[in-house]
Amino acid sequence: APSSFVAVLKRKCRQTGGAVIEVPTKEFKASQYDHSKDLYIKVPLSQRWKTIENEQGEECRVQRDLYSAFLLKNSNKNRNTPDRKRCIKEFDRFVDHMNECIEGIKQTNTSYPACFGF
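Before going into details, it helps to say that this report is about the structure given with it. (Residues numbered from 1 in each chain as written. Predicted model: local features only at pLDDT ≥ 70, side-chain atom pairs only at ≥ 80, totals over all residues. Heavy atoms only, no water.)

## Regarding the packing of aromatic side chains
Moving on, step 1. Following the criterion strictly, the structure yields seven aromatic pairs and no others.
Moving on, step 2. Seen in terms of ring centroids, Tyr67 and Phe94 are 6.3 Å apart; in terms of plane orientation they differ by 50 degrees. Their pairing is tilted. Here Tyr67, found in helix H3 (residues 64–73), pairs with Phe94, found in helix H4 (residues 84–107); they are 27 residues apart in sequence, far enough to count as distant. Taken as a pair, Tyr67 and Phe94 share a single burial class, namely buried.
Moving on, step 3. Here the aromatic rings of Phe70 and Phe94 are separated by 4.7 Å at their centres, their planes lie at 25 degrees, and the arrangement is stacked. Linking Phe70 in helix H3 with Phe94 in helix H4, this pair joins segments that are 24 residues apart in sequence. The pair Phe70 / Phe94 is uniform in exposure class, with both members buried.
Moving on, step 4. Through a chain of ring-to-ring contacts, three or more aromatic side chains come together here, namely Tyr67, Phe70, Phe91 and Phe94.
Moving on, step 5. Over the aromatic face of Tyr40 sits the side chain of Lys29, whose NZ or CZ is 4.8 Å from the ring centroid.
Moving on, step 6. Here Arg61 stacks its cationic end above the ring of Trp49, 4.3 Å away from the centre of that ring. (Phe/Tyr/Trp six-rings, centres within 6.5 Å; stacked < 30°, edge-to-face > 60°. Helix = DSSP H or I, 4+ residues; strand = E, 2+ residues; numbered from the N terminus. Buried < 20%, exposed > 50% of the residue type's maximum accessible area, 1.4 Å probe, protein only. Lys NZ or Arg CZ within 6 Å of the ring centre and 35° of its normal.)

## Considerations on the pairing of strand E3 (residues 49–53)
Moving on, step 1. As defined by bridge partners, E3 adjoins strand E4 (residues 59–63) across five bridges and the pair is classed as antiparallel. By the bridge assignment, Glu53 is partnered in E4 with Glu59.
Moving on, step 2. In sequence, E3 turns back onto E4 through a hairpin of five residues, with Gly57 there showing a positive phi of about 85 degrees. (Pairing = 2+ DSSP bridges.)

## Quick look at the layout of surface pockets
Moving on, step 1. Taken as a whole, the largest pocket holds about 240 Å³ of empty space.
Moving on, step 2. Sorting the residues of the lining of the largest pocket by element identifies helix H2 (25–28) and H3 as the ones contributing at least two each.
Moving on, step 3. Among the residues making up the lining of the largest pocket, the classes are represented as five nonpolar, two polar and two charged. (1 Å grid on protein atoms, 1.4 Å probe; cavity = no way out; pocket = protein on both sides within 12 Å on 5 of 7 lines; lining within 4 Å. Points joined across faces, edges and corners; volume = space filled by probe spheres on them. Nonpolar A, V, L, I, M, F, W, Y, C, P; charged D, E, K, R; others polar.)

## Considering H4
Moving on, step 1. In this model H4 runs 33 Å from its N-terminal to its C-terminal C-alpha over 24 residues, within 8% of the 34 Å that 1.5 Å per residue would give.
Moving on, step 2. In H4, a bend of some 50 degrees at Glu90 exceeds every other bend along the element.
Moving on, step 3. Within H4, burial applies to Cys87, Glu90, Phe91, Phe94, Val95, Met98 and Ile102.
Moving on, step 4. Here the buried face of H4 lies against E3, E4 and H3.
Moving on, step 5. Where H4 starts, the residue carrying a side-chain oxygen 3.2 Å from the main-chain nitrogen of Lys85 turns out to be Asp83. (Expected span 1.5 Å × (residues − 1). Bend = angle between axes of the 7 residues up to and from the residue. Contact = heavy atoms within 4.5 Å. Polar contact = N/O pair within 3.5 Å; in protein donor to acceptor, adjacent residues only side chain to side chain.)

Encoded structure:
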């Protein structure tokens, strides 16, 4: 249950000196946002990858959930929308890290659920 997970996460964060920052998900809509176009585009849950343009206009394939985490990391001060300028500035670094991470996971030859998208 999501609420149980959040309660456990908050407790463990408090115990270790960390913090949980909550985001209004209905307002933020991270899985729908495309910072390169500054648009919200609804996509089916089955679509695990998105194509986002970098600052140079090149198309980059990104895993949807990792991209959502990137957008959340680069939110505005109120944490209710992505900070588009920060997203543009940090996007190339995110893509490099995402690709390195996915390649490292693939090299372990471990089986992952289909929802990972690779």
